[in-house]
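Listed here are the chains, written in short residue letters.
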Protein chains: 2
Amino acid sequence: MQKTPTSLLELVSRLENLMRAEFRRAGSGQGLQPVHIQSMLFLQQANRFSNTPQALAEYLGLTKGTVSQSLLLLDRRGLVERYQDEMDKRVVRLRLSETGEMFLREANPTGLWNQATRDMSANRIRDSVSLLRSILHTVQGQSGKPLFGVCAACAYCQKKSQRITHCTWFGERLSIPETRKICREQTPKTSALAPGD
Amino acid sequence: MQKTPTSLLELVSRLENLMRAEFRRAGSGQGLQPVHIQSMLFLQQANRFSNTPQALAEYLGLTKGTVSQSLLLLDRRGLVERYQDEMDKRVVRLRLSETGEMFLREANPTGLWNQATRDMSANRIRDSVSLLRSILHTVQGQSGKPLFGVCAACAYCQKKSQRITHCTWFGERLSIPETRKICREQTPKTSALAPGD
DNA sequence: ACATTTTTGTATTGAATCAATACTATAGAT
DNA sequence: ATCTATAGTATTGATTCAATACAAAAATGT
């Protein structure tokens, strides 16, 4: 029974192992570990509600203490900047520095993946994204973990007009580019769970 | 450009992080790390040409020395058995012990995943498997890494009759269950790369 | 047949991740 | 005001992991 779902996990797992090895290679010049590359890639994508140590820890599935150490290293190397939040002074905000951005461009840890997916049909990719997103939603829900996903696919992301979008969860306006970023509080639209995407 | 492929990587990465956390939970009772769970899951799936430390190292993307340490621990715990190959006495063969099988059944590290995929359409899963398999093939090819995949999808897997299958790479007969296992030398059939699977 | 090289795996050492625990500081609640 | 919850850091110790060196068997070459 259920041979296919297992082999899907197999593939996800194996692909991640390969990418992990690729991240190791990409970071070896700078003495960076795979987890550092993953952290930087997350910060590149995280929206302004999700660029904190806590969110990163939840995203990586690690404890906040562990992540704090990684961030210390990335900070010392000048790859990531940390600054205090104005409203809530317990909160630390994170962002990639110019150096960090440049490092990602040059080391290009996702280059191999991009190359491999370049020639795939956009439709097939969209279908797989839709399926994996559903699985992700279920797994996250069952494990009681926060969700993470792009704003554009979130139920709280309300398009008021052509150019104006609001997040009704945080009650703030979003710019167009922001709706493509990753949020820790994402709640998938019901349509995203249906076969038709 | 290419926002969708990246978000596919995003999903694969995030799913693996979640499963990694799940593996950590599953192994915590026995003091096992995620990598041990991953190793045992591989050994459960690996065919008789691929149940060696070297193959496991390639599969995990780690060095053979590192994997040797993990196997030492799994051996001491009685979860994995190591024995010498008869033909090539350099080679160590690996298999899950009864205890190992039982541990996987009880800790059930993939239970969360199976639950999440239970209600997904078989067609959508098959399509995603097909796509990820293509991506895997390309990534593996470009990084010069060995391939890994199930025999049934391998170009060297020749069905002679209803019940008789031969691997023309190793030149040996395969049993029906064996064709569902994972081989380090898998070479995808060209049809596996086409949209229709 | 014999030396050389390659392949497979192990042992050892040191660096780095990671969790656990304890701690500080701010926010929120009663 | 006090008490509790939340966000983050510091410290400690166990464990992974790579690098290097090593041993044994097989493959190769002359």
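Given the structure is predicted, the values throughout are model-derived calculations rather than measurements.

Glancing now at the interface of chain B and chain A. Counting from both sides, the interface comprises 61 residues of chain B and, opposite them, 60 residues of chain A. Taking both partners together, chain B and chain A bury about 6,000 Å²; carbon and sulfur atoms supply 67% of that area. If you sort the residues of chain B by the area they bury against chain A, B:R14, B:W113 and B:R124 come out on top, with a joint share of 12%. Connecting chain B to chain A are 0 salt bridges. Applying the counting rule to chain B against chain A returns 15 residue pairs in polar contact (both at pLDDT 80 or more). Looking at the side of chain B that touches chain A element by element, the count peaks at 20 residues for helix α1 (residues 3-28) of chain B. Looking at the side of chain B that touches chain A residue by residue, the classes come out as 30 nonpolar, 19 polar and 12 charged.

Moving on: the packing of helix α7 (residues 122-142) of chain A against helix α7 (residues 122-142) of chain B. Between α7(A) and α7(B), the shortest axis-to-axis distance is 9 Å and the interhelical angle comes to 120 degrees. Taken together, the axes of α7(A) and α7(B) are oblique relative to one another. Here α7(A) and α7(B) pass one another in a crossing that is left-handed. Judged by residue contacts, A:R124, A:I125, A:D127, A:S128, A:S130 and A:L131 of α7(A) engage B:R124, B:I125, B:D127, B:S128, B:S130 and B:L131 from α7(B).

Below, the discussion takes up the packing of helix α2 (residues 34-45) of chain B against helix α3 (residues 53-60) of chain B. Residue and element names in this part refer to chain B. Between α2 and α3, the least distance of the axes is 11 Å, while the angle of their chain directions is 120 degrees. Viewed along their axes, α2 and α3 adopt a mutual orientation that is oblique. At the point where α2 passes α3, the crossing takes the right-handed sense. The residues of α3 that touch α2, namely those facing V35, Q38, S39 and F42, are A55, L56, Y59 and L60. For the contact of α2 with α3, the per-class residue count stands at 6 nonpolar, 2 polar and no charged.

Once that is clear, we can look at the environment of B:P53. Secondary-structure assignment places B:P53 in helix α3. Once residues within four sequence positions are removed from consideration, B:P53 is found in contact with B:V67, B:L71, B:V92 and B:L94.

Once chain B has been moved 0.0 Å along the axis and rotated by 180 degrees, it coincides with chain A to within an RMSD of 0.0 Å. Taken together, the turn and the small shift mark the pair as related by a two-fold rotation axis. Residue B:S128, judged by its C-alpha, is the member of chain B lying nearest the rotation axis, at 2.5 Å. Looking at chain B, 98% of its interface residues are interface residues in chain A too, so the copies touch through the same face.

On to helix α4 (residues 64-76) of chain A. Residues and elements named next belong to chain A. Counted at 1.5 Å a residue, the expected span for α4 with its 13 residues is 18 Å, and the 18 Å between its end C-alpha atoms agrees. Along α4, the residues classified as buried are V67, S70, L71 and L74. Within α4, the buried residues cover an arc of 100 degrees as seen down the axis, which keeps them to one side. Exposed positions of α4 whose direction lies more than 90 degrees from the buried face are Q69 and R76. The inward-facing, buried residues of α4 contact α2 (34-45), α3 (53-60), β1 (80-84) and β2 (92-96). Just downstream of α4, G78 is the residue with a positive phi angle, here 75 degrees.

Before going further, it helps to examine the pattern of salt bridges. Residues and elements named next belong to chain A. Applying the stated rule across the entire model yields 10 salt bridges over all chains. A salt bridge links D85 to R93; its shortest N-O distance comes to 2.9 Å. The exposure class assigned to R93 is buried, which follows from its relative accessible area of 16%.

We now examine the sheet that holds strand β5 (residues 165-167) of chain A. All names here are of chain A. The strand order β4-β5-β6 describes an open sheet built from 3 strands, whose pairing is antiparallel. With one partner strand each, in any of the chains shown, β4 (157-159) and β6 (172-174) form the two edges of the open sheet. Direction aside, neighbouring strands of the sheet carry axes that sit 35 degrees apart on average. Examined bridge by bridge, β5 and β6 share 3 bridges and lie antiparallel to one another. Across the sheet, H166 pairs through a bridge with R173, a residue of β6.

Before going further, it helps to spend a moment on the confidence of the model for chain A. All names here are of chain A. Mean pLDDT over chain A: 83, with 88% of residues reaching 70 or higher. Per-element mean pLDDT across chain A ranges from 73 in β6 up to 95 in α4. Within the model, pLDDT remains below 50 along residues 191-197, and this stretch shows 11 contacts once partners closer than five positions in the same chain are excluded.

Lining the immediate surroundings of DNA strand C are 21 residues, of which A:H36, A:R90, B:Q54, B:K64 and B:R82 lie closest. With respect to DNA strand C, the backbone of A:K89 contributes an N or O atom lying 3.4 Å from a phosphate oxygen. For DNA strand C, a phosphate oxygen lies 3.0 Å from a polar atom in the backbone of B:Q54. The element that contributes the greatest number of residues to the surface near DNA strand C is helix α4 (residues 64-76) of chain B, accounting for 3 residues. Across the surface near DNA strand C, the residue classes break down as 6 nonpolar, 8 polar and 7 charged.

Here is what the cut-offs are and how they apply
- Residue positions are given per chain, counted from 1 along the sequence in the order it is written.
- Chain labels run from A onward and ligand labels from 1 onward, assigned in the order the entries are written.
- Local features in this predicted model are restricted to residues of pLDDT 70 or higher, and side-chain atom pairs are both shown and tallied only at a pLDDT of 80 or more, whereas totals for entire chains, interfaces and linings draw on every residue.
- Based on all heavy atoms of the structure, the side-chain values leave hydrogens and waters out of the count.
- Residues are treated as being in contact if the distance between any of their heavy atoms lies within 4.5 Å.
- In this description, buried area is defined as the sum, over both parts, of the accessible area (probe of 1.4 Å) that is lost when the two are combined.
- Throughout this description, the term salt bridge denotes a Lys or Arg side-chain nitrogen within 4 Å of a carboxyl oxygen of Asp or Glu.
- Counted as a polar contact is a pair of N or O atoms within 3.5 Å, where, for protein atoms, one must be capable of donating a hydrogen and the other of accepting one, and residues adjacent in sequence contribute only when both atoms are in side chains.
- Counting from the N terminus, the helices are DSSP H or I runs at least four residues long and the strands are E runs at least two residues long.
- Polar here means any residue other than Ala, Val, Leu, Ile, Met, Phe, Trp, Tyr, Cys and Pro, which are nonpolar, and Asp, Glu, Lys and Arg, which are charged; Gly is therefore polar.
- To obtain an axis, a line is fitted to C-alpha atoms, over the contacting stretch when the element is a helix, and the angle between two such axes runs from 0 to 180 degrees between their N-to-C directions.
- In what follows, roughly perpendicular refers to angles from 65 to 115 degrees, roughly parallel to angles under 35, roughly antiparallel to angles over 145, and oblique to any angle outside these ranges.
- Here is the rule for handedness: rotate from the far helix to the near one, and if that takes an anticlockwise turn smaller than a right angle the crossing is left-handed, while a clockwise turn gives right-handed.
- Copies are brought into register by a least-squares superposition over C-alpha atoms of residues with pLDDT of at least 70 in both.
- A helix is expected to span 1.5 Å for every residue after the first.
- Each residue gets one of three labels from its accessible area relative to the maximum for its type: buried under 20%, exposed over 50%, partly exposed in between, using a 1.4 Å probe on protein chains only.
- The directions from the helix axis to the C-beta atoms are what the arc is built from.
- At least two DSSP bridges between two strands are needed for those strands to be called paired.
- Known as pLDDT, the predictor's per-residue confidence is scaled from 0 to 100.
- Nearness is judged by heavy atoms alone; a residue qualifies as near a molecule or strand once a single heavy atom is within 4 Å of it.

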